[in-house]
Every structure is written in structure tokens, then in C-alpha cells.
Amino acid sequence: MPTTPVASFGTSYSGSNPHGPDENIRIDDFIQSIKLVGRIIHRLAEVKAKEPRSLSSDKEKSTAPLPHK
């Protein structure tokens, strides 16, 4: 059993025929999904940055913030 909670999500629309031989997604939906994953990773990094730092985490480098549009 993992010690970290796990969640998953995917990209789809009503006509995507999930798990069929002609399964597909629309390009706009795919781009929105990429942006969503980026925002989630960014938010997780923000939460991690607000936690008290331990001695071992002082050696870790932070990443640059994502641009907001």
C-alpha cells in the first residue's frame, strides 16, 4: 500500500468512444489536459513550499514558477 495518496484523471468527451477501436480525443481537450496537469503540479509545489523545511530539504533546488495566462 503506498504511503502517498494517489489520484488519476484523463481526457475525454462524449464522442471519444473510450476503450473502443477508434478511441480518440480532441486536440483542444488534449491541450487543456496538459495545462491542468501543469497547474496541479504547480499547486502541489506551492503546498510543499509552505511546509516547514527540514535540514535535508535545504539542499533541494526550487523550480521556477509557471507563467499565468
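Above: the structure in question.
Residues numbered from 1 in each chain as written. Predicted model: local features only at pLDDT ≥ 70, side-chain atom pairs only at ≥ 80, totals over all residues. Heavy atoms only, no water.

Caption draft 1: Representation of the overall build of the chain in the model. Looking only at helices and strands, one finds 1 helix and 0 strands in the chain. The buried share among the 69 residues of the chain stands at 9%. Working note: accessible area of the chain is about 6,800 Å², and carbon and sulfur atoms make up 60% of it. (Helix = DSSP H or I, 4+ residues; strand = E, 2+ residues; numbered from the N terminus. Buried < 20%, exposed > 50% of the residue type's maximum accessible area, 1.4 Å probe, protein only. Areas by Shrake-Rupley, 256 points an atom, 1.4 Å probe, with all protein chains shown as cover.)

Caption draft 2: Focus on the packing of aromatic side chains. Applying the stated criterion across every chain yields a total of 0 aromatic pairs. When the ring centre of Tyr13 is taken as reference, the NZ or CZ atom of Arg26 above it lies at 4.0 Å. (Phe/Tyr/Trp six-rings, centres within 6.5 Å; stacked < 30°, edge-to-face > 60°. Lys NZ or Arg CZ within 6 Å of the ring centre and 35° of its normal.)

Caption draft 3: Main features of unusual backbone geometry. Of note in the backbone geometry, Asn17 takes a positive phi value of approximately 50 degrees without being a glycine. Along the chain, the position of Asn17 falls in the segment before helix 1 (27-50). Of the residues examined, Asn17 reaches a relative accessible area of 33% and is grouped as partly exposed.

Caption draft 4: Seen up close, helix 1. With 24 residues, helix 1 ought to run about 34 Å at 1.5 Å a step, and its terminal C-alpha atoms sit 35 Å apart, in line with that. Looking only at helix 1, the buried set comprises Asp29, Ser33 and His42. (Expected span 1.5 Å × (residues − 1).)

Caption draft 5: Spatial organisation of the pattern of salt bridges. With the rule as written, the count across this model stands at 2 salt bridges. For Asp29, the salt bridge is made with Arg26, and the minimal N-O distance between the two is 2.8 Å. By relative accessible area, which is 19% here, Asp29 ends up buried. As a salt-bridge pair, Arg43 and Glu46 come within 3.4 Å of each other at their nearest N and O atoms. Of this pair, Arg43 and Glu46 both sit in helix 1, separated by 3 residues, roughly a single helical turn. (Salt bridge = Lys/Arg side-chain N within 4 Å of Asp/Glu carboxyl O.)

Caption draft 6: A nonpolar patch on the surface, seen in detail. On the surface, Phe9, Leu36, Val37, Ile40, Ile41 and Leu44 cluster together into a nonpolar patch covering about 530 Å² of accessible area. With respect to the element layout, Val37 can be found in helix 1. (Patch = residues over 30% accessible without salt bridge, like charges linked within 9 Å, V, L, I, M, F, W, Y side chains within 5 Å.)

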